Every structure is written in C-alpha cells, then in structure tokens.
Amino acid sequence: MSRQLWDVVGGGDKGGILVRTGKDVSSPPAPERLCTGALIREVALDEERLHYELLDGAGPPSGWVSVSLKDGRALVVKSERQAPSPKLWRVVGGGDKGGILVRAGKDTSAPAEAERLATGSLVRELERDGLRLHFERVSGSGPARGWASTRLEGGKELLVPAGGEEGPRLAPEPLPAAPAEAGREVVPGAPAPTGLPLELAKTLGPYVAGEVGDITANHPGAHFGEVFPHTPEQLKEFGADWLTRVFRLAGSVPEDNGVARVLSQHEFLGGGAAVKVVLEVEYLRPSADLHTQLFVKMPLPPDHKNRALNIQLAFEGREVLFNRFYTKCLPFRTARFYYGDISMSTTNWILITERIAFAGEARRGERLGPDEVEPPVRKGLDFLLPDALEKYAALYRRAAMLTAWAHAGRLGPQLAELFPPAARAGYMIGFPVAARTVEEELWPRVEDFVLRHARRLFPADVAEPGYLARLRAECAEVGPLLGKASKYCTAGEELWAFVHPNLHIDNAFFLRNAAGRQDCGLLDWAGVGFSFLLSQFVSGGGALSLAGAEVRVPYTDALVACYFETLAEFGGPKLDVRDMQLRVALMDMAYIVGSMRLLETGRSGDVYEYLPKEAYDGVRGLDDPVFTADTIEALMLRSVVMMLVEGIKTWKGRCYHQIFSEWRASSKPR
C-alpha cells in the first residue's frame, strides 16, 4: 500500500467532495461526501482517480475520488502532514453483559472470542470498515486484539471515540457518598439561610442611573447601614475601631471582642476587577477561631478603564450577599466572611474575608500535608502547574456540587427570589461569522500572527501554511452555522441553573485531604447566580477557555463527564453526558472562532494591547517572562494570548472539524 497522504481541498461550498464506491465515475456514489480538510491515505492511484482510506476528518472511511475537476481545479493535493496517531475508542456498551462481543475476524460470522471486551476499556484503532473496528486493547480487560462493532444495527453505541489520539485518559476517582467523607472542611449541619430580607435583592443590580450620584462619596451600606471605606487610604483612616464595630454587626466577632489594632496593610496585585488589600490585625481577645490575616476587596478608582464596565455588570452586590449568607453552608471550603456592604447610590462596596493561607512559592510542586493550601495557581500557565489535570477535576467536582446543592434546595427556599434567573432569550454561545469574513477579514490577521510574529508560540505542525489553509476552510465552514449551533447548545430547561460564574482556575485554592486526594475550595463569587450551566466550561468565565491544550485535547470529555456525574451524585439533574460533551465541543469551536477577532481590533482586549506586534518577534515561547511575570500586565496579556493560542492548538488536537461535520450531518432533517 502506498504511504502517500493527501489533503482534501475541494468542495468547500458543498460540504466536501463526491465519493464513489468504485473507480469508474459511473459507479454508485457514497451516501456522504468527503469533507474539505480531511486527510486521506492513498491506496491506489489510476490517472485522475484515487482510491483512499480516511485518516482524519469526516466522510466515508474509504472510496474513490477524482484528483481534480475537468477545469483543472484540484480536489485533493499531496500533503506534507504526518499521519495522525491511531484513534482511541472507549467501550460504552455491554454493561449488562460484562462487555461487548469480540470476533476473530472482520466478518460478523467470524468465530467469537471466549472473553468479552469489558465496558470502560480503552482500545486503539488498527483498522475500520463501516461499523466494524479492528482494535488493540490499551486499558481494561478482554481480548488483546480483535474485531468489534462500534454500534448495533438499531443505533445503540458500543464504542465511542475517546476524544483524542494517543495518550492517557482521565479516570475520575470514585465520588464520595457524602461531603465530609472526602476530607472537606464543612460546617456540620450548617443550616440553609431562611427569613432573609428580600429588599436586599435590589443590591444585586442593575444600578439605576437616576439614583446613582457621586461615585466618590461615602454613603451607608444597604446591608448594615454603616458608612464604609472604599479606598485603601480610607481603610487605613477608618482603622481598628471601625473594624470592631462592623465585625460585631456582622456577627463575625462576639460583643466582648474586636480588633485591637491593625498591624500592617498592603495592596495585593492580582486580577483587574477590584482593588485588593491584605490586612494583618490583632484581636482584643486572640482566638484560634479568628483569622488575623484578612483579605479586602474594594472598587476600582473612578478613572480606571474597567470601572465603567464593573458598574454596568453590577456583580459586586451578588458577591457581598452570597458571602454573607450562603458560603457558610456550602459543602466545600471557601474564604470565611467577616464583613461586606454596598451602596446602590454610589456603586461603592467592600468585602472583608479571611486571607487563604497559601504556601510560599518555594513550596510549589512539593507534596504538602493534609489540608495545607498549595501556592496560588495562576491562570493561563497550565504548563507550569503541577498536577494540572487533578486540579481541573477537583475544580469541576466543586462547581458541580454547588449547582447540585442549589438544585436540591440545600441553599434554602429564597435563593431564586434573591437571585432572579438570568434572561434566556437571545443567549448566544457565539455569533455567526460569514465565510467571506473569515477568509478576507480574519484570516490575513491570523496568518500574520501565527506565521510571522508569534510562530514560537505554536507547534510546528500548526504554524505551517498548509495546516492554516485547512483551518481557514474549516472555520469558514463552521462560522456561518454558529447561530444554529447556539440554539442546539442552549436548548433545555435543565441547563439553566445556579452556577459559579468565573470558574477560571485561579479562583480556586488547592489542597489534599487526609487520603491524599486533590481537593479545592472556590473563591470570587462576583456574579454568582442562575445562568447557563455549560458556561462554566467555555465562556469568559469558563475554566477551559484558558486551559492549556495539553489538558483540553485529551481530557475535555472526561472533565465534562466528571462534572455531570458529580452533579447527579449530589442531587442535581441527571443529563446525557455524551450530549453535554458534544455541546461543550461546539461551544469551544464558537469561542475559538470568536477569539480570532481579537487580532488588530484597536480596542481593549486586543492581542496587541499589552505587547505591540513587533515585540512578539523577540518572544521565545509561552514560557517567556512577558507572559509568566507576576504582574497585572502579564496576566492581562496571557489571558488573551493563551485563549487564542491554546484554542487553535485545541481545534487541531480535538479534530473539531470532524466533530462539527458529524453534528451537522446528524442534525439535518431526515
């Protein structure tokens, strides 16, 4: 057999090129086209007719195609790409029989093996012919090699693609039967809040234009009726006496205790949505139950470029209310609330919690003792993160437990009254992008970035003209159908639930329980409320949006499964995991296409905002200090760059065009 590989370049306007079952152009056509962008291997070449087998992409697994049209336009061209690694499949059928039937040969009448291939096993594809798969077992139990059907004639799936090529897959640890059994810090029997003043719902926003006055003023807060500081300078001026008074009002310290003095105060650099301050205090009556290290969040200065956006979003009221009433009854750790308030007439607010006792940077990568908090995680730097996969799994377990707790009523009967459900009409995972816009507007900028200025940020098989031409064709095909994909992804009443809105990995703190299992607590409750469930995976606040391709390519499906299995385990709705995995993949495609719009816009959030185009030529790679420095500028830069770079890598690694093509084919009217 010839080893020559070919790229399918024709048929972009028709969904692919025509395939026939025989060499003759009058032989019957195959039921589906061979999609543009597919990679095929030559089996035989007879002048203008090519017998192929499919390696990558969507379409018939084998057949005959023409090399070019009569007018000379190429349909397939010789490829310089490497053949992809063998595809992995997961056994999902046969759960009631101990696995699926394996035969010694391709024919369904071939002798059956004595042992079944166990459900959950992982196998490597050696050859595929229609519904028949020749495999080699990678994990699980059963025959080492053999032939099995990928699905039954009735449509029931027996084997499904494992979502990646060679490499290990995540096998989430068994979920605990109850929160305390996993070594989480839980307040035993902490009751859900009841009888809360419903007038506080107005603090969740939006701000009313006619009621907002001087945003530099100090007005009493809606929660406790006390005037509060909203700048570091004012915080220092208000001092220990004010802290004592408001801590007593909030019930954080008893009436016979208080803050004797503030030992130190310094600003904390991190994030771009608030001013952050660390306080060290001394109490009148020291107690192991009181934290001497406190974390304070306050609004950005009036002249900060993000202050107007924060006022528009009005997320801070949610953070204050949720911290005050709800964090104490969560089934996992979060920062303990000490005081918080907000003024709807000035948009000013303050939140004081414990400062999480992170280990020092020198201990990064060290296996710490039970319940010791690891050094802070920085988003967009997964390649520097020890045990990254375990951390994402822990993050999604906790996020699922929050939603399950709310769904099961464990956050009390007033949750929906205080946090009104978000408007669902018009919610989009991404806006349609015309093929012409992709090809004429976006693509020159993408090629300029990938091939000229930022080549060192991409692997060689991505920063390559041939692949980018293929990616352009794929994005031009996907872009116009993002509206249809959005309707599909957001359909379903059960997908609107109570969620953490900003699940980036730096909004969690990580530790291990007594059994050594990776655990985490959640932080940053700004914007918490009822929203679209899948936004926790891919969106401005979705954890996978800035995750590295080394996590997203092999493990996205497993993380989605981990989330929804945990959701059902702890009282949330039971949803079709395979369907959720498909929706997340489609959302990721939309987000990646959208991220390509961040090139040369001239607006805030542009790839070139914090690093001019010509400066990229001197960047050595993703580990360059321009990205890894512990500064707000480096954080803002890598947030947008990693979103684009890791997204493009993920598109290729997860074979997104193939997933899209299969979804489009399955969603066509029958």
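Keep in mind that what you see is a predicted model, and the values were worked out from it rather than measured. Numbering of residues starts from 1 in each chain and follows the order in which that chain's sequence is written. At least 70 in pLDDT is required for a residue's local features to be given in this predicted model, at least 80 for side-chain atom pairs to be given and counted, and no such filter applies to totals for whole chains, interfaces and linings, which use all residues. With hydrogens and water stripped out, all remaining heavy atoms of the structure feed into the side-chain values.

K.L.:
In this structure, what is going on with the packing of helix α6 (residues 435-453) against helix α7 (residues 465-478)? I would like to understand it.
P.N.:
Each pair of packed helices can be summarised by the angle the axes make with each other and by the distance between the axes. Only the stretch in contact is used when fitting a helix axis, every axis being a line fitted to C-alpha atoms; angles between N-to-C directions are given from 0 to 180 degrees. Each helix is a run of DSSP H or I of at least 4 residues and each strand a run of E of at least 2, with the numbering of both proceeding from the N terminus. At a minimum axis separation of 10 Å, α6 and α7 run at an interaxial angle of 150°. Considering their axes alone, α6 and α7 lie roughly antiparallel with respect to each other. Considering how the two elements wind past one another, α6 and α7 form a crossing that is right-handed. Seen from α6, the contacting residues are A435, V438, E439, W443, E447, V450 and L451; seen from α7, they are P465, L468, L471, R472, C475 and A476. Only Asp, Glu, Lys and Arg are considered charged, only Ala, Val, Leu, Ile, Met, Phe, Trp, Tyr, Cys and Pro nonpolar, and every remaining residue, Gly among them, polar. Taken together, the residues that form the contact of α6 with α7 break down as 10 nonpolar, no polar and three charged. Should an angle lie under 35 degrees it is considered roughly parallel, over 145 roughly antiparallel, and from 65 to 115 roughly perpendicular; all remaining angles are considered oblique. Two helices crossing with the near one rotated counterclockwise from the far one by less than a right angle form a left-handed crossing, whereas a clockwise rotation gives a right-handed crossing. Whether two residues are in contact is decided by their heavy atoms, any of which lying within 4.5 Å being enough.

K.L.:
Which parts of the structure should I look at to understand the packing of aromatic side chains?
P.N.:
For any pair of aromatic rings, geometry is given as the distance between the ring centres together with the angle between the planes. Any pair of Phe, Tyr and Trp rings, taking the six-membered ring for Trp, is counted once the centres come within 6.5 Å. Such a pair is stacked with planes under 30 degrees apart, edge-to-face with planes over 60 apart, and tilted for the rest. Tallied over the entire structure, the rule returns 27 aromatic pairs. Ring centres of F322 and F419 lie 6.3 Å apart, and the angle between their planes is 75°; this geometry places the pair in the edge-to-face category. Residue F322 is found in helix α3 (residues 316-325), and its partner F419 is found in the loop between α5 (415-418) and α6; the two are separated by 97 residues along the sequence. For the pair shown, F322 and F419 are each scored as buried. With a centroid separation of 5.6 Å and an interplanar angle of 90°, the aromatic rings of Y608 and Y616 are classed as edge-to-face. Just as Y608 is buried, Y616 falls in that class too. Site record: aromatic cluster; members linked through ring pairs are F322, Y326, F419, F498, W525 and F530. Over the ring of W663 we find K484; its NZ or CZ atom is 5.6 Å from the centre of that ring. The residue whose ring lies beneath K652 is Y467, and the NZ or CZ to ring-centre distance is 5.5 Å. Throughout this description, buried means an accessible area under 20% of the type-specific maximum (1.4 Å probe, protein chains only), exposed means over 50%, and partly exposed covers the range between. By definition here, charges over rings are those cases where NZ of Lys or CZ of Arg is within 6 Å of the ring centre and within 35 degrees of the ring normal.

K.L.:
Explain the sheet that holds strand β14 (residues 337-342) to me, please; I cannot follow it from the model alone.
P.N.:
As summarised here, the arrangement of the five strands in space is β11-β12-β13-β15-β14, forming an open sheet in which the pairing is antiparallel. Where the open sheet ends on each side, the last strands, each with one partner, are β11 (259-267) and β14. For this sheet, the mean angle separating the axes of adjacent strands, direction not counted, is 20°. DSSP-based pairing: two strands are paired if at least 2 bridges between them are found. Sheet analysis places strand β12 (residues 275-283) next to strand β13 (residues 293-298), joined by six bridges and oriented antiparallel. What sits directly across from K276, in β13, is K297. Against the sheet, helix α1 (residues 232-249) touches β11, β12, β13, β14 and β15 (349-354), its axis set at about 145° to β11.

K.L.:
Help me out: how do you make sense of the domain arrangement of the protein in this one?
P.N.:
Accessible area lost on assembly of the parts is the figure often given for the size of an interface. Domain boundaries assigned for the protein yield domain 1 (5-78), domain 2 (88-161), domain 3 (209-354) and domain 4 (373-665). The split of the chain into domains comes from an automatic or database domain assignment. The C-alpha centroid of domain 4 is placed 30 Å from the C-alpha centroid of domain 3. Contacts between domain 3 and domain 4 engage 20 residues on the former and 29 residues on the latter. Once two parts are put together, the accessible area they lose, assessed with a 1.4 Å probe and summed over both, is termed the buried area. Of the roughly 2100 Å² buried at the junction of domain 3 and domain 4 (both faces included), carbon and sulfur atoms supply 68%. Under this definition, polar contacts are N or O atom pairs within 3.5 Å; protein pairs additionally need one hydrogen-donor-capable and one acceptor-capable atom, and for neighbouring residues in sequence, both atoms have to be side-chain atoms. Scanning the region where domain 3 abuts domain 4 turns up eight residue pairs in polar contact (both at pLDDT 80 or more). At five residues, the largest contribution of residues to the side of domain 3 that touches domain 4 is made by α3. A per-class count over the side of domain 3 that touches domain 4 returns 10 nonpolar, five polar and five charged.

K.L.:
Looking at this model, I keep getting lost on the pattern of salt bridges. Mind explaining?
P.N.:
Where charged atoms of side chains with opposite charge meet at close range, the side chains can pair. Basic side-chain nitrogens of Lys or Arg form a salt bridge, by our definition, when they fall within 4 Å of a carboxyl oxygen of Asp or Glu. According to the stated counting rule, one finds 31 salt bridges in the structure shown. Here E136 makes a salt bridge to R124, at a shortest N to O gap of 2.6 Å. Note that E136 is positioned in strand β8 (residues 132-139) and R124 in strand β7 (residues 122-129), a separation of 12 residues in sequence. Classification of E136 by relative accessible area gives partly exposed; the value is 23%. What you see here is one network of salt bridges that share partners, running through R124, E136 and R145.

K.L.:
Got a minute to help me understand the side chain of T203 in this structure?
P.N.:
One can find T203 in the loop between β10 (159-161) and α1. Those residues in contact with T203 that lie beyond four places of it in its chain are A222, H223, G317, L321, I342 and M344.

K.L.:
Got a minute to help me understand helix α13 (residues 656-667) in this structure?
P.N.:
Under the 1.5 Å per step criterion, the end-to-end length of α13 is 16 Å for 12 residues, consistent within 8% with the ideal 16 Å. Structurally, α13 contributes buried residues whose contacts are with β3 (49-56), α7, α8 (482-490), α10 (577-595) and α12 (632-653). Between the first and last residue of a helix there are one fewer steps than residues, each counted as 1.5 Å, and that sum is the expected span.

K.L.:
Can you help me understand the pairing of β3 in this one?
P.N.:
If a strand is regular, its side chains alternate between the two faces of the sheet. Relative to β3, strand β2 (residues 39-46) runs antiparallel, the two being bridged by seven bridges. Pairing of L45 across the sheet is with L50, part of β3. The turn joining β2 and β3, which pair antiparallel and follow one another in sequence, is formed by two residues; a positive phi near 55° is taken by E47. Across five bridges, the pairing between β3 and strand β4 (residues 62-66) is antiparallel.

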